[in-house]
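# Fold and contact review
Here's the letter readout for the chains.
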Amino acid sequence: MRVNLRPAAVAFAAIALLSGCSNDDATDRPETGVPTIPTTAPATSPTPTPTTPAATPTTPEPTGPVEPVGDVDVVATDLDVPWDLEFLDDGTVLVTERDTARIRRVEPDGEVTDIGEVPGVSASGEGGLMGIARYEEWLYAMFTSGEDNRVVRMEFDGVSLGEPEVILDGLPRANNHNGGRIVFGSDDGMLYVATGDAYNPPLAQDLDSPAGKILRLTPDGDIPEDNPFEGSPVWSYGHRNVQGLAFDDDGRLWASEFGTKVWDELNLIEPGSNYGWPEVEGIAEDDDFVDPVAQWPTEDASPSGIAYVRDTIFLAGLRGQRLWQVPVPEGSAGEPQAFFTGEFGRLRHAELAPDGALWLLTNNTDGRNPDGPGPDDDRILRVSLE
């Protein structure tokens, strides 16, 4: 079933707030017993006294926080504005390219082949083919069309793509602030969709608009009955431009968000909550809004994709050209640490691989790195963790 959000999908009063905005990242914005030993029965006893064996001791799961160690390995090179990663069961990974609309397959040895091109993509500015997510026999993709942002799903057999079926459309598009990340809930199996404010800040506070929100849908595109606003796909609101979503081991949802000229954010998402844009930015200590758990000056981050690994959030920085590591035990954030500052240029995404390593996407071929792309850009990098 398709949810059409043009021009609105919900029936709640809009909240009018202040406008004012700048662009996203880089050049367009100023942008975690001992076994029991059986006893021997007395000689007069016809049978041994039964005993209950103790449970076999188990090794506890390792906990974090964790951080990068050792050398960084280059997995693949010469990608064209890569945007998202999705691992398959056989250890290969799918990569989206924003501007070419291609989905590419990367083997563990680095060989790159094409899966197919998603039809209907209209790439311009920050828009194009963005997030992907896999659910059962379907591959979901979010992209910018000529008239909106939308989510489609395609049958996927591991080798080729079926025809796209639109399950969500009518998401406002603009040259900047299109959101784009999609993930499935680790506990509920629902589809979570990150949208931007489409360069129209008041839409983030308007519950009749899907812009500037995190949306929650069933895999078929229906609105779940337990969403916080009846009949609405809105899960949280008051967002400027969310490009990172990740669930932790306790099923909590984390999101990264671009600020304007002051603060970029890492947020712990609570259903039905208001994260403040454009009324506030960063930690405001205003009871009407939920504060971020961590914030950065915009020149140090421009956060896009994020990954959760054992009490740790890893956040890829575009303008900041670094990987941020944030300890998040029990849902609270510790002091962020920066890694690889300036070593690989702009970082678009971080993804946990099946072997426990962290894979990173560079983003130096999109024209926004003032130093231009390197000779092998764009690349997939593999980072060991401990």
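As the structure is a prediction and not an experimental result, all values here were calculated from the model. (Residues numbered from 1 in each chain as written. Predicted model: local features only at pLDDT ≥ 70, side-chain atom pairs only at ≥ 80, totals over all residues. Heavy atoms only, no water.)

## Here we look at the overall build of the protein
Looking only at helices and strands, the protein features 0 helices and 25 strands. Among the 386 residues that make up the protein, the fraction classed as buried is 55%. Counting only carbon and sulfur atoms, one obtains 48% of the accessible surface of the protein, whose full area is about 15,800 Å². (Helix = DSSP H or I, 4+ residues; strand = E, 2+ residues; numbered from the N terminus. Buried < 20%, exposed > 50% of the residue type's maximum accessible area, 1.4 Å probe, protein only. Areas by Shrake-Rupley, 256 points an atom, 1.4 Å probe, with all protein chains shown as cover.)

## Thoughts on the sheet that holds strand β6 (residues 112-117)
The strands making up a sheet are joined through hydrogen bonds of the backbone, oriented either antiparallel or parallel. Taking strand neighbours across the sheet as the criterion, the 4 strands line up as β3-β4-β5-β6 in an open arrangement whose pairing is antiparallel. Two strands close off the open sheet at either side, each with one partner strand: β3 (82-87) and β6. Between one strand and the next, the sheet's axes are offset by a mean angle of 25°, whatever the strand orientation. Pairing analysis gives 5 bridges linking β3 to strand β4 (residues 93-97), with the strands arranged antiparallel. What sits directly across from E86, in β4, is L94. (Pairing = 2+ DSSP bridges. Axes fitted to C-alpha atoms, helices over the stretch in contact; angles between N-to-C directions.)

## Overview of the pairing of β3
Working note: regular strand, side chains alternate between the two faces of the sheet. Most of β3 is tucked away: 6 of the 6 residues are buried. What sits between β3 and β4 in their antiparallel hairpin is a turn of 5 residues, with G91 showing a positive phi close to 90°.

## A few points about the sheet that holds strand β14 (residues 234-237)
Taken in spatial order, the 4 strands line up as β11-β12-β13-β14 in an open sheet, and their pairing is antiparallel. Looking along the sheet, the strands with just one partner apiece sit at the ends: β11 (182-184) and β14. Each neighbouring strand pair of the sheet contributes to a mean axis angle of 20°, computed without reference to strand direction. Taken together, the 4 bridges between strand β12 (residues 191-194) and strand β13 (residues 213-217) define a ladder with antiparallel strand orientation. Bridge pairing in β13 places A194 opposite I214.

## Considering a negative patch on the surface
The grouping of E136, E137, E155 and D157 at the surface amounts to a negative patch. In this fold, E136 is placed in the loop between β7 (129-135) and β8 (138-144). Residue classification places E136 among the exposed residues on the basis of a relative accessible area of 59%. (Patch = residues over 30% accessible without salt bridge, like charges linked within 9 Å, V, L, I, M, F, W, Y side chains within 5 Å. Salt bridge = Lys/Arg side-chain N within 4 Å of Asp/Glu carboxyl O. Lys, Arg positive; Asp, Glu negative; His and termini not counted. Charge placed at Lys NZ, Arg CZ, Asp CG, Glu CD.)

## Observations concerning the nonpolar core
Of all hydrophobic cores here, the largest spans 20 residues; its most connected members are Y140, M142, V151, L168, I182, L191 and V193. In terms of nonpolar packing, the next biggest core, distinct from the first, is built from 16 residues, V309, F314, A350 and L358 among them. (Core = buried A, V, L, I, M, F, W, Y, C linked by side-chain atoms within 4.5 Å.)

## Considerations on the packing of aromatic side chains
The description of an aromatic ring pair rests on the distance of the ring centres and on the angle between the ring planes. Summed over all chains, the structure comprises 9 aromatic pairs. Centroid distance F229 to Y237: 6.0 Å. Interplanar angle 70°. Geometry classified as edge-to-face. Look at F229 and you get buried, because its relative accessible area is 15%. Among the residues examined, Y237 registers a relative accessible area of 10% and is labelled buried. (Phe/Tyr/Trp six-rings, centres within 6.5 Å; stacked < 30°, edge-to-face > 60°.)

## A few points about the pattern of salt bridges
Under the defined criterion, the tally for this structure stands at 22 salt bridges. With a shortest N-O distance of 2.8 Å, D226 and R216 are connected by a salt bridge. In this pair, D226 sits in the loop between β13 and β14 while R216 sits in strand β13, placing the two residues 10 residues apart along the sequence.

## Topic: the side chain of N274
With respect to the helices and strands, N274 occurs in the loop between β17 (263-269) and β18 (294-297). Non-local contacts of N274, meaning those with residues more than four positions away in its chain, are made with Q205, Y237, G238, D288, F289 and V290. (Contact = heavy atoms within 4.5 Å.)

## Topic: the side chain of R379
As for its position among the elements, R379 is in the loop between β24 (358-362) and β25 (380-385). One polar contact links R379 to D377, side chain to side chain, over a distance of 3.1 Å. Setting aside residues no more than four positions away along its own chain, R379 makes contact with V74, A76, T77, F344, L360, L361 and T362. (Polar contact = N/O pair within 3.5 Å; in protein donor to acceptor, adjacent residues only side chain to side chain.)

## As for the environment of P373
In this fold, P373 is placed in the loop between β24 and β25. A C-alpha to C-alpha distance of 8.4 Å links P373 and N363, two positions 10 residues apart in sequence. Residues in contact with P373, not counting those within four places in the same chain, are N364 and T365.

## A short note on unusual backbone geometry
For the peptide bond that leads from W277 to P278, omega is 5°, which places it in the cis range. Position of P278 relative to the elements: it lies in the loop between β17 and β18. Following D377, the chain continues into D378 via a peptide bond in cis, with omega recorded as -5°. Inspection of the secondary structure assignment puts D378 in the loop between β24 and β25. If you check the backbone angles, E136 has positive phi at about 50° while not being a glycine. For F340, which is not glycine, the phi dihedral falls at a positive 65°. Turning to its location among the elements, F340 is positioned in the loop between β22 (337-339) and β23 (347-352). Residue F340 is classed as buried on the basis of its relative accessible area, which comes to 13%.

## Comments concerning the environment of E97
You can see E97 is positioned in strand β4. As for E97 and L79, which are separated by 18 residues in sequence, their C-alpha atoms are 7.6 Å apart. Of note is the side chain of E97, whose polar atom sits 2.7 Å from the side chain of T100.

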